[in-house]
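# Results of the structural survey
So you can see what is in the structure, the chains are spelled out below.
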Amino acid sequence: MIPVTRPFTPPIEEYQRLLEGIWNRNWFTNNGPLVNEFELNLKKELGLRNLLYVSNGTIAIQIAIKALSITKKVITTPFSYVATTSSLVWEGCTPVFVDIDPDTFNIDPGKIEECIDEDTEAILATHCFGNPCDIDTIEKIAEKYGLKVIYDAAHCFGTKYKGKSIFNYGDISTTSFHATKLFHTIEGGGIFTPHLDLVKRMSYMRNFGHDGFHKFNGVGINGKNSEMHAAMGLVNLKYIDRILKRRREKSIFYRDRIDDSQFSFQKIENETEYNFSYFPIVCKNESEALKVKNKLERNNIFPRRYFYPSLNSLDYVHNTGNLINAEQISRSILCLPLFYELSKKDQILICNIINE
Ligand SMILES: *Cc1c(COP(=O)(O)O)cnc(C)c1O
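Fair warning: this is a prediction, and the values are worked out from it, not measured in the lab. (Residues numbered from 1 in each chain as written. Predicted model: local features only at pLDDT ≥ 70, side-chain atom pairs only at ≥ 80, totals over all residues. Heavy atoms only, no water.)

## Focus on the packing of aromatic side chains
Ring pairs (aromatic) are described by centroid distance and by the angle formed between their planes. Rule in force here: Think of it this way: a Phe, Tyr or Trp ring, Trp meaning its six-membered ring, pairs with another when their centres are within 6.5 Å, and the plane angle makes it stacked under 30 degrees, edge-to-face over 60, tilted otherwise. We count a stretch as a helix when DSSP gives it H or I for four or more residues in a row; a strand needs E for two or more, and each element gets its number in order from the N terminus. Charge over a ring is defined by NZ of Lys or CZ of Arg lying within 6 Å of the ring centre and within 35 degrees of the ring normal.
Under the counting rule described, the total for this entry stands at 24 aromatic pairs. Centroid distance F79 to F105: 6.0 Å. Interplanar angle 75°. Geometry classified as edge-to-face. Note that F79 is positioned in the loop between β2 (73–76) and α4 (82–90) and F105 in the loop between β3 (94–97) and β4 (120–126), a separation of 26 residues in sequence. Aromatic ring contacts, followed pair by pair, group F38, Y53, F157, F167, F177, F183 and F192 into a single cluster. Taking the ring centre of Y81 as reference, the NZ or CZ of K181 above it sits at 6.0 Å.

Encoded structure:
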């Protein structure tokens with residue numbers, strides 16, 4: 001069986017060594033030494049001054065929304081994982097969907113301004129499959145209308161834009177370290193911001209608002225992560241260069257072999273050092289996509305329809321506007337298997353079936 005992804009699995013001895021330390025200290029969670037060390041190592045790896053390690057990528061988005069005091073309308077993308085939209089609704093905000101660019105799969109900044117009204121407070125955009133949004137244009141629009149910008153950078157570990165980690169952009173960026181992501185801590189997430197006041201507020205927020213034992217600084221939630229999760233992160237971080245290199249090789253292999261007269265590929269933004277976190281192909285239409293998917297599945301290969309359905313079809317949002325690109329692409333896209341252990345033999349098999 002070849003799944004769409006498989007978690008990166010480091011040598012078990014390396015993980016066990018860190019577990020022994022946890023056992024000896026008898027300190028499992030609540031800002032332990034491994035969580036601190038992991039945050040420090042991450043900052044070094046990413047070249048960032050501020051970051052917060054949290055329990056998952058969804059709570060990261062929710063804390064970001066709360067920290068920016070966003071409660072009304074938020075411009076967002078219909079082509080993302082459900083957590084991008086559900087976090088907004090969960091926090092009492094109203095998602096306003098803007099269509100995507102059919103080449104980059106990211107929110108089309110040319111269509112944002114017409115959707116802004118006096119209740120619009122922010123833009124929450126996803127760097128889809130690790131491909132940077134049109135950050136410069138989004139920033140300009142945000143400045144012109146006084147909007148906050150949050151980037152859901154869940155797919156972005158390792159992506160650089162204009163020479164810097166993509167997590168540097170926006171008022172706040174968030175990411176996920178879930179086991180299915182390129183770099184993972186089993187469950188986990190990260191929050192990034194250049195604003196020191198926000199770092200402070202969000203660090204209270206992720207720990208119930210605790211300011212010492214008996215004092216509280218604002219409303220908080222449990223967004224902490226554990227020593228066991230940080231341990232996985234510390235081990236996996238040592239492999240990140242190899243992980244990125246392999247994904248790059250495997251993606252180029254697909255690109256060279258898949259018949260580009262039948263399928264199209266995501267256009268990666270200029271000035272990007274891309275992390276190759278997914279390998280999406282867009283078929284001519286939905287029935288072609290389903291044909292390819294069925295054929296692969298008959299051979300025990302399981303691509304995923306990422307992202308399907310388009311998020312404007314969720315029954316708890318109001319569907320407004322023309323979202324034709326998002327709907328068309330979500331119906332005709334397939335993400336092919338891509339993970340560290342994927343063999344060349346399997347890749348050749350996958351390409352042959354697809355091209356047939
Ligand atoms: C994975 C993912 C999330 C959620 O992250 P979790 O760590 O699973 O909570 C949010 N947004 C996008 C785009 C994702 O792919």
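After that view of the structure, there is still more to cover.
## A word on the sheet that holds strand β6 (residues 160–161)
Rules: Note: two strands are recorded as paired if DSSP finds a minimum of 2 bridges between them.
Read across the open sheet, the three strands follow the order β7-β6-β11; overall the sheet is antiparallel. The open sheet terminates on both sides in strands that have one partner only, identified here as β7 (164–165) and β11 (272–273). Bridge count between β6 and β11: two bridges; the pairing is antiparallel. Bridge pairing in β11 links Y161 to T272.

## Quick look at the packing of helix α8 (residues 240–257) against helix α11 (residues 344–355)
For clarity, the threshold we go by: In this analysis an axis means a line fitted to C-alpha atoms, helices contributing only their contacting stretch, and an angle means the value between N-to-C directions, from 0 to 180 degrees. Relative orientations are named as follows: roughly parallel for angles under 35 degrees, roughly antiparallel for angles over 145 degrees, roughly perpendicular for angles from 65 to 115 degrees, and oblique for any other angle. Each crossing is labelled by how the near helix is turned from the far one, with a counterclockwise turn of less than a right angle marking it left-handed and a clockwise turn marking it right-handed. For this analysis, residues touch if any pair of their heavy atoms sits within 4.5 Å.
Viewed as axis vectors pointing N to C, α8 and α11 meet at an angle of 30°, and their least axial separation amounts to 10 Å. As summarised for this structure, α8 and α11 are arranged roughly parallel, according to the angle between their axes. The interaxial crossing formed by α8 with α11 has right-handed handedness. Side by side, α8 and α11 meet where K250, F253, Y254 and R257 of the first sit next to K344, Q347, I348, I350, C351 and N355 of the second.

## Comments concerning the site of the ligand
So the rule is basically this: Neighbouring residues are identified by heavy atoms, a residue being near a molecule or strand if any of them is within 4 Å of it. Polar contacts here mean pairs of N or O atoms no more than 3.5 Å apart (in protein, one a potential hydrogen donor and the other a potential acceptor; neighbouring residues in sequence count only if both atoms are side-chain atoms). In short, Shrake-Rupley with a 1.4 Å probe defines the accessible areas, and a residue's cover is counted only from the protein chains shown.
Taken together, the neighbourhood of the ligand is formed by 15 residues, with T58, D152, H155, S176 and K181 sitting nearest. In the model, an oxygen atom of the ligand is placed 2.6 Å from a nitrogen or oxygen of the T58 side chain. Side-chain polar atom of K181 to an oxygen atom of the ligand: 3.1 Å apart, as the coordinates give it. Taking 380 Å² as the accessible area of the ligand by itself, protein coverage stands at 92%. Sorting the residues of the shell around the ligand by element identifies α3 (57–67) and α4 as the ones contributing at least two each.

## A word on the domain arrangement of the protein chain
The line we're drawing: Domain limits in this description derive from either an automatic procedure or a database domain assignment. Accessible area that two parts lose when put together, with a 1.4 Å probe and added across both, is what the buried area reports. Counted as salt bridges are all cases of a side-chain nitrogen of Lys or Arg within 4 Å of a carboxyl oxygen of Asp or Glu.
According to the domain assignment, the protein chain consists of domain 1 (12–98 + 106–237) and domain 2 (241–355). In this structure, domain 1 and domain 2 have C-alpha centres spaced 25 Å apart. In this assembly, 32 residues from domain 1 lie in contact with 34 residues from domain 2. Counting the surface lost from both domain 1 and domain 2, the interface buries some 2,700 Å², and carbon and sulfur atoms represent 63% of this. Its largest share of buried area at the contact with domain 2, domain 1 owes to F79, F129 and L182, together 28% of the area lost on that side. On inspection of domain 1 and its partner domain 2, the count reaches zero salt bridges. Linking domain 1 to domain 2 there are 12 residue pairs in polar contact (both at pLDDT 80 or more). For the side of domain 1 that touches domain 2, the secondary structure elements donating two or more residues are α4, β3 and β6.

## Quick look at the sheet that holds strand β9 (residues 189–192)
Here we have seven strands laid out as an open sheet, ordered β1-β9-β8-β5-β4-β2-β3, and mixed in their pairing. Only two strands of the sheet have a single partner each, and these edge strands are β1 (52–54) and β3. Each strand axis lies, on average, 25° off the axis of its neighbour in the sheet, ignoring direction. The pairing of β2 with β3 spans four bridges and is parallel. Across the sheet, the residue bridging to I75 is V96, located in β3. Where α3 meets the sheet, it contacts β1, β4, β5 (148–152), β8 (172–176) and β9, and its direction lies at approximately 165° from that of β8. Strand contacts of helix α6 (residues 196–205): β1, β8 and β9, with the helix running at about 25° to β1, the strand carrying the most contacts.

## Quick notes on the environment of L88
Within the secondary structure, L88 sits in helix α4. Between the C-alpha atoms of L88 and S203, which are 115 residues apart in sequence, the distance is 20 Å. When near neighbours in sequence (up to four residues on either side) are disregarded, L88 contacts I65, V74, T76, C93, P95 and L124.

## Things to note about the nonpolar core
Rules: What is meant by a nonpolar core is a set of buried Ala, Val, Leu, Ile, Met, Phe, Trp, Tyr and Cys residues, joined one to another through side-chain atoms within 4.5 Å. Burial classification: accessible surface area is computed with a 1.4 Å probe over protein chains only, and a residue below 20% of its type maximum counts as buried, one above 50% as exposed, and the rest as partly exposed.
One finds F38, L42, I112, F157, F167 and F183 to be the most contacted residues of the largest nonpolar core, which totals 49 residues. Where this core is concerned, the elements lending two or more residues are α1 (12–25), α2 (33–46), β4, α5 (135–145), β5, α7 (227–237) and α8. Considering each element in turn, this core owes the most residues, six residues, to α7. There are two domains that each give this core at least three residues, and those are domain 1 (12–98 + 106–237) and domain 2 (241–355).

## Quick word on the side chain of N225
Checked against the element boundaries, N225 lands in the loop between α6 and α7. Note on N225: relative accessible area 7%, which makes it buried. Within the structure, N225 has its side chain in polar contact with the side chain of H229 (distance 3.2 Å). Once residues lying within four places of it in the same chain are set aside, the contact partners of N225 are T29, V35, Y53, V54, S55, T185, E187 and G188.

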